[in-house]
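Listed below are the residues making up each chain.
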Amino acid sequence: MRACVPLTVAILCGLAWAAEENPKEPELFLELEEETEGAPASSLYLAPSSCQGRCLEAFDKHHSCHCNARCPEFGNCCEDFESLCGHEGFSHSSDAITKEELQSVSEKIYRADTNKARKEDIVLNSQNCISPSETRDQVDRCPEPLFTYVNEKLFSKPTYSAFLNLLNNYQRATGRGEHFTAQELAEQDTFLREIMKTAVMKELYGFLHQQNRYSSEQEFVSDLKNMWFGLYSRSKEERDSSGFEHVFSGEVKKGKVTGFHNWIRFYMQEKEGLVDYYSHIYDGPWDSYPDVLAMQFNWDGYYKEVGSAFIGSSPEFEFALYSLCFIARPGKVCQLSLGGHPLAIQTYTWNKSTYGNGKKYIATAYVVSSTH
């Protein structure tokens, strides 16, 4: 599978490369969403001169002091950095995760994904590739569904089954509060329990434990539950959203689809006639699954201008990579390597509310680039 347009022809809106990252590779393709409202903004903080609610945030030159992993190295930490952010386990620059370490562990996670789809498990019909300038046209250029065939035996695997049980627990419209039943809360725990049994998540935890991010698996799982399933408000005062709902299930805000970055969700909704695949602007370089596709589609009356998604990956694989990037590069581009190909993931933190001792929820996470 190959890119159908040069990635240099598209630009990710509002994205600034971090100083320590290489701005030349991989190149970016367009991802338009309302999600940047979760990006760092000093107006969202009660005290910009404090680390309250700011642990892990990306460097912002407009702030008078900082709360990231490298502020001790540069001597520009806020006075309360040690007391508020020391629990994060990297209050010293020696604990910062390097780009090379991210690329190494992502390759290990890639190799560990034994639950991914095999080539014969999915027949994809990507059809018409368009230019980025055409993504706003909202024209259906693909008469056939994206998925011609999926081996649904995949969905009987424990992590897939647990994942599917979560998808019907949400209202897609923002502004409507989410209220979980006891069963739905139990389904969250089941999902986390099942993925933690996999080699993928064991690889991720082992790496983060070695990096002094978590002292125990129990602490790690508890943090995953809060950052992914904790509710916050994207609209009005209702607790109407979470990182998991946004990234994996999808939402509708102001008449547009936001989030919705999961192939399983796409397939199930397309099968029910609720998703209409329109076109794509990018098809990744991988010759086996998981692959990456950046596409346009209509979700039951609402349009997604560009939505990137892994194709054929296991739920634990996506969950692991997005979690890795959120923990190691919150609010920034996170450069990984999968099967020898570079890939970048963008995360955003939700800064309007926090959990624990100033920790932030995931606002979104999605693939922003690759090369071929």
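No experiment lies behind these values; they were computed from the predicted model shown. (Residues numbered from 1 in each chain as written. Predicted model: local features only at pLDDT ≥ 70, side-chain atom pairs only at ≥ 80, totals over all residues. Heavy atoms only, no water.)

**Points about the overall build of the protein**
Helix and strand counts for the protein stand at ten helices and ten strands. Relative to its 372 residues, the protein shows a buried fraction of 59%. In the protein, the share of contacts with a sequence separation of at least 24, taken over all contacts with a separation of at least 6, comes to 64%. Total accessible area on the protein stands at roughly 14,800 Å², and carbon and sulfur atoms take up 48% of it. (Helix = DSSP H or I, 4+ residues; strand = E, 2+ residues; numbered from the N terminus. Buried < 20%, exposed > 50% of the residue type's maximum accessible area, 1.4 Å probe, protein only. Contact = heavy atoms within 4.5 Å. Areas by Shrake-Rupley, 256 points an atom, 1.4 Å probe, with all protein chains shown as cover.)

**Side note on the pattern of salt bridges**
Under the defined criterion, the tally for this structure stands at nine salt bridges. In this structure, the salt-bridge partner of Lys271 is Glu152, at a minimum N-O distance of 2.6 Å. A residue pair is termed long-range when its members are at least 10 positions apart, and Lys271 in helix H9 (residues 263-271) and Glu152 in the loop between strand E2 (147-150) and helix H4 (158-166) qualify at 119 residues. In this structure Glu152 comes out as partly exposed when scored by relative accessible area, which is 35%. Where Asp223 meets Lys359, a salt bridge forms, and the shortest distance between an N and an O atom there is 3.2 Å. With Asp223 in helix H7 (residues 217-229) and Lys359 in strand E10 (residues 359-370), the pair connects residues that are 136 residues apart, well separated along the chain. Look at Asp223 and you get buried, because its relative accessible area is 7%. We classify Lys359 as buried; its relative accessible area is 11%. Look at the salt bridges and you will find they share partners, linking Arg118, Glu120 and Asp121 into a network. (Salt bridge = Lys/Arg side-chain N within 4 Å of Asp/Glu carboxyl O.)

**Thoughts on unusual backbone geometry**
Cis geometry is adopted by the peptide bond preceding Pro290, which originates at Tyr289 and carries an omega value of 5°. Secondary-structure assignment places Pro290 in the loop between strand E5 (275-283) and strand E6 (291-299). Its identity as a non-glycine residue notwithstanding, Lys254 has a phi of 55°, on the positive side. Position of Lys254 relative to the elements: it lies in the loop between strand E3 (251-253) and strand E4 (256-258). Even without a glycine there, the phi angle at Phe260 is positive, about 65°. Structurally, Phe260 is set in the loop between E4 and H9.

**Concerning the side chain of Glu187**
As for its position among the elements, Glu187 is in helix H5 (residues 182-195). Lacking a salt bridge, the buried Glu187 has Arg193 as its closest oppositely charged neighbour, with an N-O distance of 11 Å. The contact partners of Glu187, leaving out residues within four places of it in the chain, are Asn165, Leu166 and Asn169. (Lys, Arg positive; Asp, Glu negative; His and termini not counted.)

**Re the packing of H4 against H5**
Put simply, H4 and H5 touch, their axes get as near as 9 Å, and they point 155° apart. Taken as axis vectors, H4 and H5 run roughly antiparallel relative to one another. Where H4 crosses over H5, the two elements pack in a sense that is left-handed. Along the contact surface, H4 presents Pro158, Thr159, Ala162, Phe163, Asn165 and Leu166, while H5 presents Glu187, Gln188, Thr190, Phe191, Glu194 and Ile195. Classifying every residue of the contact of H4 with H5 gives six nonpolar, four polar and two charged. (Axes fitted to C-alpha atoms, helices over the stretch in contact; angles between N-to-C directions. Parallel < 35°, antiparallel > 145°, perpendicular 65-115°, else oblique. Left-handed = near helix turned anticlockwise from the far one by under 90°. Nonpolar A, V, L, I, M, F, W, Y, C, P; charged D, E, K, R; others polar.)

**Observations regarding the state of the cysteines**
Taken as a whole and judged by the stated rule, the model has two disulfides. One disulfide in the model links Cys65 with Cys78; its S-S distance is 1.9 Å. Its S-S torsion of about 85° marks the bond between Cys65 and Cys78 as right-handed, since a negative value means left-handed. Of this pair, Cys65 sits in the segment before helix H1 (71-74) while Cys78 is found in the loop between H1 and helix H2 (81-85), placing the two residues 13 residues apart along the sequence. No difference in accessibility class separates Cys65 from Cys78, as the two residues are buried. (Disulfide = S-S within 2.5 Å.)

**Remarks on the confidence of the model for the protein**
Per-chain confidence: the protein averages 82 in pLDDT, with 81% of residues scoring 70 or above. Below pLDDT 50 for its whole length, residues 87-94 participates in 24 contacts with residues either more than four positions away or in separate chains. (pLDDT = per-residue confidence, 0-100.)

**A few points about the pairing of strand E7 (residues 302-311)**
Most of E7 sits inside the fold, with nine of its ten residues counted as buried. Across eight bridges, the pairing between E6 and E7 is antiparallel. In the sheet register, Phe297 faces E7, and the bridge partner there is Lys304. (Pairing = 2+ DSSP bridges.)

**Concerning the nonpolar core**
One finds Phe191, Phe220, Trp228, Phe244, Trp263, Phe310 and Phe319 to be the most contacted residues of the largest nonpolar core, which totals 91 residues. With ten residues, the single largest contributor to this core is helix H10 (residues 315-328). (Core = buried A, V, L, I, M, F, W, Y, C linked by side-chain atoms within 4.5 Å.)

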